[in-house]
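# Geometric and topological summary
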Amino acid sequence: MFSKWVFCGFVYFLLGFLNLVEFCSGGITSSYVRNADLSLDMPLDSDVFRVPPGYNAPQQVHITQGDHGGRGLIISWITPDEPGSNTVVYWAEDSKLKGSANGVVLTYKYFNYTSGYIHHCKIKNLKFDTKYYYEVGIGNTTRQFWFITPPKVGPDAPYTFGLIGDLGQTYDSNRTLTHYESNPAKGQTVLFVGDLSYADDYPFHDNARWDTWSRFIERNAAHQPWIWTAGNHELDFDPEIGETKPFKPYTSRFFVPYRASESTSPLWYSIKRAAAYVIVLSSYSAYGKSTPQYKWLAMELPKVNRTETPWLIVLMHSPWYNSYVHHYMEGESMRVVYESWFVEYKVDVVFAGHVHAYERSERISNIAYNIVNGLCTPRSDHSAPVYITIGDGGNLEGLATEMTEPQPPYSAYREASFGHGIFDIKNRTHAYFSWHRNQDGFAVEADSLWFHNRYWTSPERTFLAASQ
Ligand SMILES: [Fe+2]
């Protein structure tokens, strides 16, 4: 025992000297016990689902980034009765000059459901770091909102992202969103890791539950961008009722700026925002060699300029490292295809959902295996990302409480509770991640980790800087 701690102490001293975080012993399974009863979806007449007053009033207003660098915004909303106006009027807080932009309008049918008129309008060339107001609708049904643009892309532009996944529309979902909104860390943009409304858990995928969900999140998503990732609950694939086009409701309702990153599909794309480069992948689209997603990612990773955007973040739905029983190894085939790239390009962090719980990994990789060498155990790897599962938004399917035992060494912390995360980028070298359990006070961190940027604090770079 003594020699183990002496050895660990020596290793920590050595790694601390190199500004590294590594693991020397097993992780933590939280002792926190919460009620694992299923939470029900909020009833249709809940105040969070309220329809705004007035004939054909715009509802379900939400925004997302509209270009690659953060000067564009996509504003989306639905008018229930007729197309109405497709114009957004907007102005900077410090300006009387009003701009306007026109968008597109579409509808879709899903089994016996017909959507309202879905509007998507892109506004461009916004000033960085500026508060804007915007209006949608006509006459006395005009609705006004505001948003704040991000700072100019740059290595030391601080920015605070929120992390939410697998949200749904239960009382717990509402607690998660309220907790996020009340967090003194003040998230500026939500990175959403998939599984939005859970409408597909209703008979015939009752798409009215897509509408209620979008009304529920409007209070936040109309003011700050939500960066979308598709999960399995976005597939809405059901041949028995004649619905064979995957992702139809999701891609109709949530536009993303995929063309700006030369993607050919809204299911995988990238954005730059402040000091972060965010790559969104699709766990439910083909990702093997020669597929469109594979070819795009192969071209995309070398494009990331870490002197401009030091923080490389990947979002996907199905986690690669997951020590819960539920969905165990579902992300494995995608991990086999892409993990070596994540290590080569020093991805800082991978956020995933799908498992309805929280888990954070050590920095590990498992890329040495070649069928005959038997090397298939995850090992400590300074160049590897931290993997964080944050599918704990609180949907109607409940918590994933069963865990594989003993806790694998790669798992640093795990807990079956609902909550959200904050990834707070301070500068090019440091970011602070915290996880917030819904049952705690708004400022309480149930788990946290300082991130040392993989590019700017890599041992090669540290050595080069020291020798110059
Ligand atoms: Fe999922």
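By convention here, each chain's residues receive numbers from 1 onward along its written sequence. Local features in this predicted model are restricted to residues of pLDDT 70 or higher, and side-chain atom pairs are both shown and tallied only at a pLDDT of 80 or more, whereas totals for entire chains, interfaces and linings draw on every residue. Side-chain metrics rest on all non-hydrogen atoms present in the structure, leaving aside hydrogens and water.

### Quick word on the coordination of the iron ion
Metal donors: N, O and S atoms at distances within 2.8 Å, or within 3.2 Å for Na, K and Ca, with water omitted from the atom set so that some sites may seem incomplete. The protein atoms that coordinate the iron ion are Asp195 (OD), Asn232 (OD1), His317 (NE2) and His354 (ND1), at distances of 2.1 to 2.2 Å. Counting residues between consecutive donors of the iron ion along the chain gives the motif D-x36-N-x84-H-x36-H. Of this pair, aspartate 195 sits in the loop between β13 (189-192) and α3 (208-221) while histidine 354 sits in the loop between β18 (349-352) and β19 (358-361), placing them 159 residues apart in sequence. Exposure classes here rest on a 1.4 Å probe applied to the protein chains alone. A residue is buried below 20% of its type maximum, exposed above 50%, and partly exposed in between. Residue histidine 354 is classed as buried on the basis of its relative accessible area of 2%. What counts as a helix is a DSSP run of H or I of at least four residues, what counts as a strand is a run of E of at least two, and both are numbered from the N terminus.

### Comments concerning the packing of helix α5 (residues 292-300) against helix α6 (residues 332-344)
Only C-alpha atoms enter the line fits that serve as axes; for helices the fit covers just the stretch in contact. Angles between N-to-C directions range over 0 to 180 degrees. For the pair α5 and α6, the least separation of the axes is 11 Å and the interaxial angle reads 10 degrees. Relative to α6, the element α5 lies roughly parallel. Here α5 contributes Gln293, Tyr294, Leu297 and Ala298 to the contact with α6, which in turn contributes Met334, Val337, Tyr338, Trp341 and Phe342. Taken together, the residues of the contact of α5 with α6 sort by class into eight nonpolar, one polar and no charged. The labels follow the angle: roughly parallel below 35 degrees, roughly antiparallel above 145, roughly perpendicular from 65 to 115, and oblique for the rest. Any two residues whose heavy atoms approach within 4.5 Å at even a single point are treated as in contact. Residue polarity follows a fixed list, in which Ala, Val, Leu, Ile, Met, Phe, Trp, Tyr, Cys and Pro are nonpolar, Asp, Glu, Lys and Arg are charged, and the others, Gly among them, are polar.

### What about the sheet that holds strand β1 (residues 28-29)?
Here eight strands make up an open sheet; going across it, the order is β1-β23-β19-β22-β18-β17-β16-β15 and the pairing mixed. The open sheet has two edge strands with one neighbour each: β1 and β15 (269-273). Strands pair, by our definition, only if DSSP identifies at least two bridges between them. Strand direction decides the pairing type here: strand β17 (residues 311-315) and β18, joined by three bridges, are parallel. Residue pairing across strands places leucine 315 opposite phenylalanine 351, the latter belonging to β18.

### Observations regarding α5
Listing the buried residues of α5 in full gives Gln293, Tyr294, Trp296, Leu297 and Glu300. For α5, the angular spread of the buried residues around the axis is 165 degrees, confining them to a single face. Facing away from the buried side of α5, by more than 90 degrees, are the exposed residues Lys295 and Met299. The arc in question is formed by the directions pointing from the helix axis toward the C-beta atoms.

### Section: the sheet that holds strand β14 (residues 226-227)
An order of β14-β13-β12-β24-β25-β26 is seen for the six strands of this open sheet, with the pairing classed as mixed. Each edge of the open sheet carries a strand with a single partner, namely β14 and β26 (447-452). In this structure, strand β24 (residues 419-425) lies alongside strand β25 (residues 430-437), joined through seven bridges in antiparallel fashion. Note on β25: the bridge partner recorded for aspartate 424 is tyrosine 432.

### Digging into the pattern of salt bridges
Any two side chains of opposite charge can pair, on the condition that their charged atoms come close. One speaks of a salt bridge when a side-chain nitrogen belonging to Lys or Arg is within 4 Å of a carboxyl oxygen belonging to Asp or Glu. All told, the structure shown has 17 salt bridges when counted by the stated rule. With a closest N to O distance of 3.6 Å, lysine 127 and aspartate 94 form a salt bridge. Placement of lysine 127 in the loop between β9 (117-123) and β10 (131-136) and of aspartate 94 in the loop between β4 (87-92) and β5 (99-102) is noted, with a sequence separation of 33 residues between them. For lysine 127, a relative accessible area of 40% translates into the label partly exposed. By relative accessible area, aspartate 94 is classed as exposed at 63%. Here glutamate 218 makes a salt bridge to arginine 143, at a shortest N to O gap of 2.7 Å. Taken together, the residues span a long stretch of sequence, with glutamate 218 in helix α3 and arginine 143 in strand β11 (residues 143-148) at a distance of 75 residues.

### Structural notes on the nonpolar core
In this structure, Trp226, Trp228, Phe342 and Phe423 are the most contacted members of the largest nonpolar core, which totals 89 residues. In this structure, tryptophan 226 is in contact with Ile63, Thr64, Ile164, Leu167, Leu177, Val190, Phe192, Trp213, Ile217, Asn220 and Ala221, ignoring residues within four places of it in sequence. Residue types Ala, Val, Leu, Ile, Met, Phe, Trp, Tyr and Cys, when buried and joined through side-chain atoms within 4.5 Å, form a set referred to as a nonpolar core. Of all hydrophobic cores here, the second largest spans 18 residues; its members include Trp77, Val88, Cys121 and Leu126.

### What to know about the pairing of β25
Two faces belong to every sheet, and in a regular strand the side chains alternate between them. Of all eight residues making up β25, seven are buried, and the element is well covered by its neighbours. Bridge count between β25 and β26: six bridges; the pairing is antiparallel. Residue pairing for β26: tyrosine 432 is matched across the bridge by tryptophan 450.

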